[in-house]
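Spelled out from the first residue to the last, the chains are:
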Amino acid sequence: MIKIVTAFFFILTIPKLMSQLPLEKNYIYVVARIEKNFEDKILKKYHLRCIGSGGYLMYNVKSLELAFQHKGVLNKNDLRKLLIELTSQYLEDINSNEEIRPYLENYPFTPKNVDITIYLIDLHKQEIFYPNICIAESSYGTIRFKTVDEANPIAPFYTTEKETYEEALEKLKQCNEVPSS
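Residues numbered from 1 in each chain as written. Predicted model: local features only at pLDDT ≥ 70, side-chain atom pairs only at ≥ 80, totals over all residues. Heavy atoms only, no water.

Q: So what exactly am I meant to see when it comes to the pairing of strand β4 (residues 135-139) here?
A: The two faces of the sheet receive side chains in turn, since in a regular strand these alternate between them. β4 sits mainly inside the fold: five of its five residues count as buried. Of the two faces of β4, the one holding Ile 135, Glu 137 and Ser 139 and the one holding Ala 136 and Ser 138 are both buried throughout. Strand direction decides the pairing type here: strand β3 (residues 114-121) and β4, joined by five bridges, are antiparallel. Residue pairing in the sheet places Thr 117 in a bridge with Glu 137 of β4. Linking β4 to strand β5 (residues 142-147), which pair antiparallel, is a turn of two residues; within it Tyr 140 sits at a positive phi near 50°. (Buried < 20%, exposed > 50% of the residue type's maximum accessible area, 1.4 Å probe, protein only. Helix = DSSP H or I, 4+ residues; strand = E, 2+ residues; numbered from the N terminus. Pairing = 2+ DSSP bridges.)

In structure tokens, the structure reads:
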């Protein structure tokens, strides 16, 4: 019984103690709020479900990562546009947050500081195979599109195409599909 009461006491007091810590110790919670707000916005606007988050947060905020899941096949240009939009919006959310700014490794954060990955599944929640793209990512300044061979889904990716973030923006400009920020 004493163990239960002690455990209950710690469960109730730890959040209160953490909230009294200076922001230097709380920047991870600020990052979590930024991520949660961004995830909610992306779910409403694009119907993408966030399936993971992370980053390099030791001592300050060096990089941030988010992973989303999309139901349905998208072509390369649609994925390129989506990745650029997500990256741009995420950077805007990070850079406009006054609380986190002092703890960013560099300000403003750029596409080289974030990783946004989209995992695609079909409408029946099954894996998507070559020739369709199964993973698209805006990863630290590089856009990648990956496919998997159905005959060997556990092997390395069947194809991986990549371009710089700037090249992806230029390709969208050529198609007159530059996302609005």
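Q: Teacher, can you tell me more about the packing of aromatic side chains here?
A: Here the distance between the centres and the angle between the planes together describe a pair of aromatic rings. Across all of its chains, the model carries four aromatic pairs by this definition. Centre to centre, the rings of Phe 38 and Tyr 90 are 4.7 Å apart; their planes meet at 35°, and the pair counts as tilted. Here Tyr 90 lies in helix α3 (residues 76-95) and Phe 38 lies in helix α2 (residues 23-46), a separation of 52 residues in the sequence. The class of Phe 38 is buried, set by a relative accessible area of 0%. Taken together, the ring pairs in this structure connect Phe 38, Phe 68 and Tyr 90 into an aromatic cluster. (Phe/Tyr/Trp six-rings, centres within 6.5 Å; stacked < 30°, edge-to-face > 60°.)

Q: How should a nonpolar patch on the surface be read in this particular structure?
A: On the surface, Tyr 56, Met 58 and Tyr 59 cluster together into a nonpolar patch covering about 420 Å² of accessible area. Looking at Tyr 59, the relative accessible area reads 72%, which means it is exposed. (Patch = residues over 30% accessible without salt bridge, like charges linked within 9 Å, V, L, I, M, F, W, Y side chains within 5 Å. Areas by Shrake-Rupley, 256 points an atom, 1.4 Å probe, with all protein chains shown as cover. Salt bridge = Lys/Arg side-chain N within 4 Å of Asp/Glu carboxyl O.)

Q: Whenever I open this one, the side chain of Thr 147 confuses me. Can you help?
A: Topologically, Thr 147 is positioned in strand β5. Here the side chain of Thr 147 touches Thr 159 through a polar contact of 2.4 Å, side chain to side chain. Beyond its immediate chain neighbours, meaning those up to four positions away, Thr 147 contacts Tyr 130, Pro 131, Asn 132, Ile 133, Cys 134, Phe 157, Tyr 158 and Thr 159. (Polar contact = N/O pair within 3.5 Å; in protein donor to acceptor, adjacent residues only side chain to side chain. Contact = heavy atoms within 4.5 Å.)

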